[in-house]
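Analysis of the macromolecular model
The chain contents come next:
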Amino acid sequence: MTLDDVREMDRVDPLANCAKAFSLPDGVVYLDGNSLGAMPVAVPRRVEGLLRKEWRQSLVRGWTDHSWIDLPVRVGKRIAGLIGANEDEVVVSDSTSVNLHKLLVAALKLREGRSVVVSNQENFPTDLYIVQGLAWLLDDSISLRLVPTADIESAINEEVAVVMLTQVDYRTGAMLDIEALTDLAHQRGALVIWDLSHSAGAIDIDLGRADVDFAVGCGYKYLNGGPGAPAFLFVAKRHQDQAQSSLWGWFGHASPFEFDTGYQPSDGLARMQCGTPPILSLVALDTALDAFMGTEMKAIRAKSVALTDLFVELVDQSCQGFDLDLASPRQSVSRGSQVSLRHDEGYPIVQALIARGVIGDFRAPDILRFGFAPLYLRYENVWTAVETLREVMITRAWDSPEFRRRGVVT
Ligand SMILES: *Cc1c(COP(=O)(O)O)cnc(C)c1O
């Protein structure tokens, strides 16, 4: 593989134009869109318009005059199109952690008599904390059965109410089979909650075909909604009349502006909202989703596979002998949109890369993580990243005290 080959890949890339919708600093190769997506160029103007025209001028009338009130549902509809859901099955609200709490309770209540939540040790910690906190709140009448990924299947028995998994492993990028695991859970009488945080916007997901019950996911990763963007949640149509949130707030009430003293859940998915939605962030997320218009998730996934395959191939080709081990699956069918490498000095290596403009991140204890956002990365960026990695390894540039200092966020 030569630089010319890689440039040819960019020349024939059907998604090459999508990068124009994003604004990245000069000299940066951004391989951390799986942690915080890049800023779409249209967002600042839209947010400024919201501040200056809508908020300043319309004041409280903005809720109706600018339909702020409908944003959670409207943006939910757009995300539904990216994850194979129906338009009325997705709403944007709260954070992924909070949405998990709401949906876990909903699912547990639909499986009364069963009390176990199955998840895997590799899952993202906040997902596990939410179950642990719920068990504490409910005086241990429910429990978390935490198993290695390989043992998920055998852990699902007749005590299990909910199987709660994340599609793409945040450390290794290993991808679980949503369809097969959902089917297995259903055969054993359990419901599923899928966390799509590391997949929505990068992978072609078909929640409908997989018959998924519930799902959640982040707005600020591959969906590019900006730091702290609200999350989304999915409830299959068949559960919407029975499923109830753990958090009864007025935005989930059948008629919030009647100010009844008693809670009455609204019809459908709207009941999964709790309090006032964050309109500044919702508008940013809504605008960011424009970058997906005119593309198909299948094409985005195809580019994601090609980017990660290229990275693996180039690391094989030019980073031999540096003790860098592939921590991600070699086969793209079982890999999300990231490639992780292992090295005992992972932390300073990542810092040295960042100092050279190649931004990936580090996950303890030894993972160097590189995320590939198909909408704004070029194949040549992958080439640059691997060349930079090679240079850092050959020169041992990472072996310096300045690269060993740890920030709060890694
Ligand atoms: C990023 C991520 C989260 C983050 O949850 P927040 O509530 O937004 O902080 C949760 N779960 C998974 C799997 C993630 O990757």
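Residues numbered from 1 in each chain as written. Predicted model: local features only at pLDDT ≥ 70, side-chain atom pairs only at ≥ 80, totals over all residues. Heavy atoms only, no water.

**Overview of the overall build of the protein chain**
Applied cut-off: Only runs of H or I of at least four residues qualify as helices and only runs of E of at least two qualify as strands under DSSP, and these elements are numbered from the N terminus. What the globule rule says is 2.2 Å times the number of residues to the power 0.38, and the radius of gyration is computed from C-alpha atoms. Using a 1.4 Å probe on the protein chains alone, a residue whose accessible area is under 20% of its type maximum counts as buried, one over 50% counts as exposed, and one in between counts as partly exposed. The contact criterion used throughout is that any non-hydrogen atoms of two residues lie within 4.5 Å. For the accessible areas, the method is Shrake-Rupley and the probe is 1.4 Å, while residue cover comes only from the protein chains on display. Counting rule for charge: Lys and Arg are taken as positive, Asp and Glu as negative, and neither His nor the chain ends is counted. A charged residue contributes its charge at one atom only: NZ of Lys, CZ of Arg, CG of Asp or CD of Glu.
Counting its secondary structure elements, the protein chain contains 13 helices and 15 strands. For 410 residues, the compact-globule estimate of 2.2 N^0.38 gives 22 Å, and the protein chain sits close to it at 22 Å. Counting only C-alpha atoms and orienting by the principal axes, one finds that the protein chain spans roughly 70 × 55 × 40 Å. Looking at the 410 residues of the protein chain, the share that counts as buried comes to 54%. When contacts within the protein chain are restricted to residue pairs at least 6 apart in sequence, those whose partners lie at least 24 apart make up 73%. For the protein chain, the computed accessible surface area is about 18100 Å², with 52% contributed by carbon and sulfur atoms. Computed over 39 positive and 54 negative side-chain charges, the separation of the two mean positions in the protein chain equals 5 Å.

**Section: the pattern of salt bridges**
Worth spelling out the cut-off: The term salt bridge refers to a pairing of a side-chain nitrogen on Lys or Arg with a carboxyl oxygen on Asp or Glu at a separation within 4 Å.
Applying the stated criterion across every chain yields a total of 25 salt bridges. We note a salt bridge from arginine 52 to glutamate 48, for which the minimum N-O separation is 2.6 Å. Taken as a pair, arginine 52 and glutamate 48 lie in helix H2 (residues 42–58) at a separation of 4 residues, close to a single helical turn. Aspartate 211 is the partner of arginine 238 in a salt bridge, and the nearest nitrogen-oxygen pair spans 3.2 Å. Here the residue arginine 238 occupies a position in the loop between strand S10 (232–235) and helix H10 (279–288), and aspartate 211 occupies one in the loop between helix H9 (207–210) and strand S9 (214–217), the gap between them amounting to 27 residues. Under the relative-accessibility criterion, aspartate 211 is labelled partly exposed at 38%. If you follow the salt bridges from partner to partner, you end up with Glu345, Arg396, Asp399 and Arg404 in one network.

**Structural notes on helix H12 (residues 346–355)**
Since the α-helix advances by 3.6 residues per turn, residues separated by three or four positions end up pointing in the same direction. Counting buried residues along H12, 7 of its 10 residues qualify, which places the element largely inside the surrounding structure. Every buried residue of H12 is accounted for by Gly346, Tyr347, Pro348, Ile349, Val350, Ala352 and Leu353. Where H12 is buried, its residues contact strand S13 (358–359), strand S14 (361–363), strand S15 (367–371) and helix H13 (379–395). In the stretch just after H12, glycine 357 is the one whose phi turns positive, near 90°.

**Some details on the side chain of aspartate 32**
Looking at the element boundaries, aspartate 32 is found in the loop between strand S2 (29–30) and strand S3 (39–40). Notably, aspartate 32 is buried but unbridged: the nearest opposite-charge side chain belongs to arginine 369, and the N-O separation is 4.2 Å.

**Observations concerning the sheet that holds S15**
Rules: Two strands are counted as paired when DSSP detects at least two bridges linking them.
Spatial ordering of the open sheet is given by S11-S12-S15-S14, a layout of 4 strands whose pairing is antiparallel. Of all the strands in the sheet, the pair left with one neighbour each is strand S11 (325–326) and S14. In the sheet, S11 pairs with strand S12 (residues 338–342) via 2 bridges, with the strands oriented antiparallel. Among the inter-strand pairings, leucine 326 is bridged to a residue of S12, identified as leucine 341.

**Section: unusual backbone geometry**
Residue proline 365 is reached from alanine 364 by a cis peptide bond, and omega for that bond is 5°. Among the structural elements, proline 365 can be located in the loop between S14 and S15. A positive phi is found at aspartate 211, a non-glycine position, where the angle reads about 65°. With a phi angle near 60°, aspartate 323 is a residue other than glycine that sits in the positive phi range. Take aspartate 323: it is sitting in the loop between helix H11 (297–318) and S11.

**A look at the site of the ligand**
Here is the rule we go by: Here, proximity means that at least one heavy atom of the residue falls within 4 Å of the molecule or strand. Whenever two N or O atoms come within 3.5 Å, that pair is a polar contact, provided that in protein one can donate a hydrogen and the other can accept it, and provided that, for residues adjacent in sequence, both atoms are side-chain atoms. Classification used: nonpolar for Ala, Val, Leu, Ile, Met, Phe, Trp, Tyr, Cys and Pro, charged for Asp, Glu, Lys and Arg, polar for all others including Gly.
Within the structure, the ligand sits among 13 residues, and Ser97, Asp127, His198, Tyr220 and Lys221 are positioned closest to it. One of the side-chain nitrogen or oxygen atoms of histidine 198 is found 3.2 Å away from an oxygen atom of the ligand. The contact in question runs from an oxygen atom of the ligand to an N or O atom on the side chain of tyrosine 220, over 2.8 Å. Elements represented by at least two residues in the shell around the ligand include exactly helix H5 (96–110) and helix H6 (125–137). Taken together, the residues of the shell around the ligand sort by class into 3 nonpolar, 7 polar and 3 charged.

Keep in mind these values describe shape, not function.
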